[in-house]
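Examination of the molecular architecture
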Amino acid sequence: MKIGTIGAGTIARAVARHAARHGHEVVLSNSRGPETLGDVVAEIGPPATAGTRLEAARAEVVLLAVHWTQVPAAVADLPDWDGRIVIDATNQFTSLPPHPVIADLGDLTGSEYIASLLPGARVVKAFNTLYGSYIAADPRHEAGRQLLFLAGDDADARATVRELAEEFGFASIDLGPLREGGRLMQLGGPLSGLHALKQD
Ligand SMILES: NC(=O)c1ccc[n+]([C@@H]2O[C@H](COP(=O)([O-])OP(=O)(O)OC[C@H]3O[C@@H](n4cnc5c(N)ncnc54)[C@H](OP(=O)(O)O)[C@@H]3O)[C@@H](O)[C@H]2O)c1
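Reading the values: the criteria
- Residues numbered from 1 in each chain as written.
- Predicted model: local features only at pLDDT ≥ 70, side-chain atom pairs only at ≥ 80, totals over all residues.
- Heavy atoms only, no water.
- Near = heavy atom within 4 Å.
- Polar contact = N/O pair within 3.5 Å; in protein donor to acceptor, adjacent residues only side chain to side chain.
- Areas by Shrake-Rupley, 256 points an atom, 1.4 Å probe, with all protein chains shown as cover.
- 1 Å grid on protein atoms, 1.4 Å probe; cavity = no way out; pocket = protein on both sides within 12 Å on 5 of 7 lines; lining within 4 Å.
- Sits in = over half its atoms within 2 Å of the grid points.
- Helix = DSSP H or I, 4+ residues; strand = E, 2+ residues; numbered from the N terminus.
- Nonpolar A, V, L, I, M, F, W, Y, C, P; charged D, E, K, R; others polar.
- Points joined across faces, edges and corners; volume = space filled by probe spheres on them.

**A few points about the site of the ligand**
Neighbouring the ligand are 25 residues; S31, R32, V66, H67 and G132 lie closest to it. Between an oxygen atom of the ligand and a main-chain N or O atom of A8, the distance comes to 2.9 Å. At 2.8 Å, a backbone N or O of G132 approaches an oxygen atom of the ligand. Protein burial of the ligand: of its 900 Å² of free accessible surface, 80% is covered by the chains. Given that more than half its atoms are within 2 Å of the pocket grid, the ligand belongs to the largest pocket. Taken together, the elements giving at least two residues each to the shell around the ligand come down to α1 (10-21) and α4 (71-75). Split by residue class, the shell around the ligand holds twelve nonpolar, eleven polar and two charged.

**A few points about empty space enclosed by the protein**
Summed over the entire model, instances satisfying the criterion amount to one cavity of 30 Å³ or more. Considered as a void within the structure, the largest cavity measures approximately 50 Å³ in volume. Every residue lining the largest cavity is listed: I3, V15, L63, I87, F127, V161, L164, A165 and F168. Residues that form the lining of the largest cavity fall into these classes: nine nonpolar, no polar and no charged.

All we've got here are geometric facts, nothing functional implied.
What follows is the structure, encoded as structure tokens:
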């Protein structure tokens, strides 16, 4: 599978490493251009490459891993998503810890807001509930596999992300649509920052 990342920081690199390790073609992108990502792709190793935002966004599955306030610029001017899957790993901090401020979207969940910026995309919220170090680590522990929650409005897109997560070694838990599942996973929800293992 071809996987693009918009953002090439802690979360994008962690997911890219899992994907590359399992033979997926990965294209990482950031705000400064592919020429700034040489060390990053060299460290992840082939089949990871650096690309533009547009090149990353053309992949079958695209991980959105930039800070909340960076999202509008990161997804600006991209063509219609045409049914491609976007994994939304963001958390809706308008100001980061140690002085966190959480975006107030009223009734809307964070990923529904993100979906509104991505016309035609099938958005699946995933990876946002875990600390970066738990995403980067091997999810298979002696006591069990790291739980990975996910939510999205398209069942097939959720199934694709589940398959990827399981392949990486996570124990995936499908929470259904963004409205209900996303709310459980986002900042302030009961699953945000919950790190738990599943015994197989
Ligand atoms: N870190 C965690 O433990 C953790 C855990 C769960 C979820 N999250 C969420 O995951 C998201 C990413 O966090 P992170 O820790 O990976 O952030 P990070 O390490 O600071 O990386 C942010 C990345 O976004 C890129 N970026 C910024 N503006 C961009 C734009 N306009 N176009 C393309 N790329 C752009 C940056 O590239 P440049 O350097 O070139 O600007 C950088 O590669 C956040 O929403 C965060 O809340 C983080």
